[in-house]
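Residue strings, one per chain:
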Amino acid sequence: MKEKVEHIVNWIKDYAEQNKKTSLVMGVSGGIDSSVVSTLSAMTGLKTIPIVMSIKNKDMLALEHAWWLEEKFSNVSKRVVNLEKIFHEFENASKYLGADSEHAFANSRSRLRMMMLYQVATSTNGLVVGTGNKVEDFGVGFYTKYGDGGVDISPIADLYKSEVYHLAEHLDISKKIMSAPPTDGLWEDGRTDEQQLGYSYDDLERA
């Protein structure tokens, strides 16, 4: 795990330096993937901006992780923003047009978050750092186009979900985050990733 961490941290740092970028920006959801990616980013020593974005949900695990990062790393500057009012206006306009698909609204939440990440990244000469792993994003395509799929780099794209958990343990990520059921946080009913996929991550990884 130590070698994996060093490899990924150096890769992120080298990529940023080669492209003359000075900050790393990522969404923090309270999930295992974003927790690992934000921690690896912080370890580069570059200015790291984890952003907690709430839309109809307040994830205390995300807030706790952002606080933990800021206390642990002097180069971390967290941001917390409520996008509820913006999304509410979008929701009203969509319903006026008769475009009230629940699935579409879930994807639109992801795209709104992406817009905020790029607003901050462009304003701070930064990169948007993706949190997708080898199983869900790059294996079965479980992501939102132009949403959480809209990123500049994906540091854990070559890692299976099980490897992400091993890294999290090595990085001393909160046990509460490690034991929480993975979810994209885009649905009002709080459905998990595995409920949406119809398979467990262990099954998908074996496949």
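Residues numbered from 1 in each chain as written. Predicted model: local features only at pLDDT ≥ 70, side-chain atom pairs only at ≥ 80, totals over all residues. Heavy atoms only, no water.

Engineer: When you look at the packing of helix α1 (residues 2-18) against helix α6 (residues 161-170) in this model, what are you seeing that I'm missing?
Structural biologist: Following both chains from N to C, one finds α1 and α6 inclined at 95°, their axes separated by 10 Å at the closest point. One way to sum up the angle between α1 and α6 is to call them roughly perpendicular. Contact residues: α1 offers K2, K4, V5 and I8, while α6 offers E163, L167 and H170. (Axes fitted to C-alpha atoms, helices over the stretch in contact; angles between N-to-C directions. Helix = DSSP H or I, 4+ residues; strand = E, 2+ residues; numbered from the N terminus. Parallel < 35°, antiparallel > 145°, perpendicular 65-115°, else oblique. Contact = heavy atoms within 4.5 Å.)

Engineer: Even after reading the chapter, I still don't get helix α3 (residues 60-72), so can you show me in this structure?
Structural biologist: Since the α-helix packs 3.6 residues into each turn, any two residues three or four apart lie on the same face. The end-to-end C-alpha distance of α3, which contains 13 residues, comes to 18 Å, matching closely the 18 Å that a straight helix rising 1.5 Å per residue would cover. Within the span of α3, buried status applies to L61, A62, H65, A66 and L69. For α3, the arc enclosing every buried residue in end-on projection is 135°, short of the 170-degree limit, so these residues lie on one face. Measuring from the backbone nitrogen of L61 back to the side-chain oxygen at the start of α3 gives 2.9 Å, which picks out D59 as the cap. (Expected span 1.5 Å × (residues − 1). Buried < 20%, exposed > 50% of the residue type's maximum accessible area, 1.4 Å probe, protein only. Arc of directions from axis to C-beta. Polar contact = N/O pair within 3.5 Å; in protein donor to acceptor, adjacent residues only side chain to side chain.)

Engineer: Looking at this structure, I do not really get the sheet that holds strand β1 (residues 23-27). What am I missing?
Structural biologist: Each strand in a sheet pairs with another by means of backbone hydrogen bonds, the pair being arranged parallel or else antiparallel. The strand order across the open sheet built from 4 strands is β3-β2-β1-β4, with neighbouring strands paired in parallel fashion. The open sheet terminates on both sides in strands that have one partner only, identified here as β3 (79-82) and β4 (126-128). Each neighbouring strand pair of the sheet contributes to a mean axis angle of 25°, computed without reference to strand direction. Relative to strand β2 (residues 47-54), β1 runs parallel, the two being bridged by 5 bridges. Bridged to L24 within β2 is T48. Seen against the sheet, helix α5 (residues 102-123) touches β1, β2, β3 and β4 and runs at an angle of roughly 150° to β2. (Pairing = 2+ DSSP bridges.)

Engineer: Would you explain the side chain of T48 in this entry?
Structural biologist: Mapping T48 onto the fold places it in strand β2. Only 3.3 Å separates the side chain of T48 from the backbone oxygen of S41, close enough to count as a polar contact.

Engineer: What exactly am I supposed to notice about the packing of aromatic side chains here?
Structural biologist: Per the counting criterion, the structure on display carries 3 aromatic pairs. Ring centres 5.9 Å apart and planes at 35° place the aromatic pair W11 and Y15 in the tilted group. Linking W11 with Y15, this pair stays in helix α1, spanning 4 residues, or about one helical turn. When its relative accessible area of 36% is taken as the criterion, W11 is described as partly exposed. Ring geometry for F87 and F105: centres 6.0 Å apart, planes at 75°, overall edge-to-face. Residue F87 is found in helix α4 (residues 84-96), and its partner F105 is found in helix α5; the two are separated by 18 residues along the sequence. Considered together, F87 and F105 belong to a single accessibility category, that of buried residues. Joined through ring pairs, the aromatic side chains of F87, F90 and F105 make up one cluster. Between the NZ or CZ atom of K78 and the centre of the ring of W67, over which it lies, the distance is 3.5 Å. (Phe/Tyr/Trp six-rings, centres within 6.5 Å; stacked < 30°, edge-to-face > 60°. Lys NZ or Arg CZ within 6 Å of the ring centre and 35° of its normal.)

Engineer: When you look at the pattern of salt bridges in this model, what are you seeing that I'm missing?
Structural biologist: Opposite charge on two side chains allows them to pair when their charged atoms are near. Taken as a whole and judged by the stated rule, the model has 7 salt bridges. One salt bridge connects E70 with K78, and the closest N-O pair in it is separated by 2.8 Å. Exposure remark for E70: the relative accessible area of 27% places this residue in the partly exposed category. Owing to a relative accessible area of 16%, K78 belongs among the buried residues under this scheme. Each of D33, E136 and K161 takes part in one network of salt bridges that share partners. (Salt bridge = Lys/Arg side-chain N within 4 Å of Asp/Glu carboxyl O.)

Note that every value here comes from positions in space, so none of it alone points to a role or purpose.
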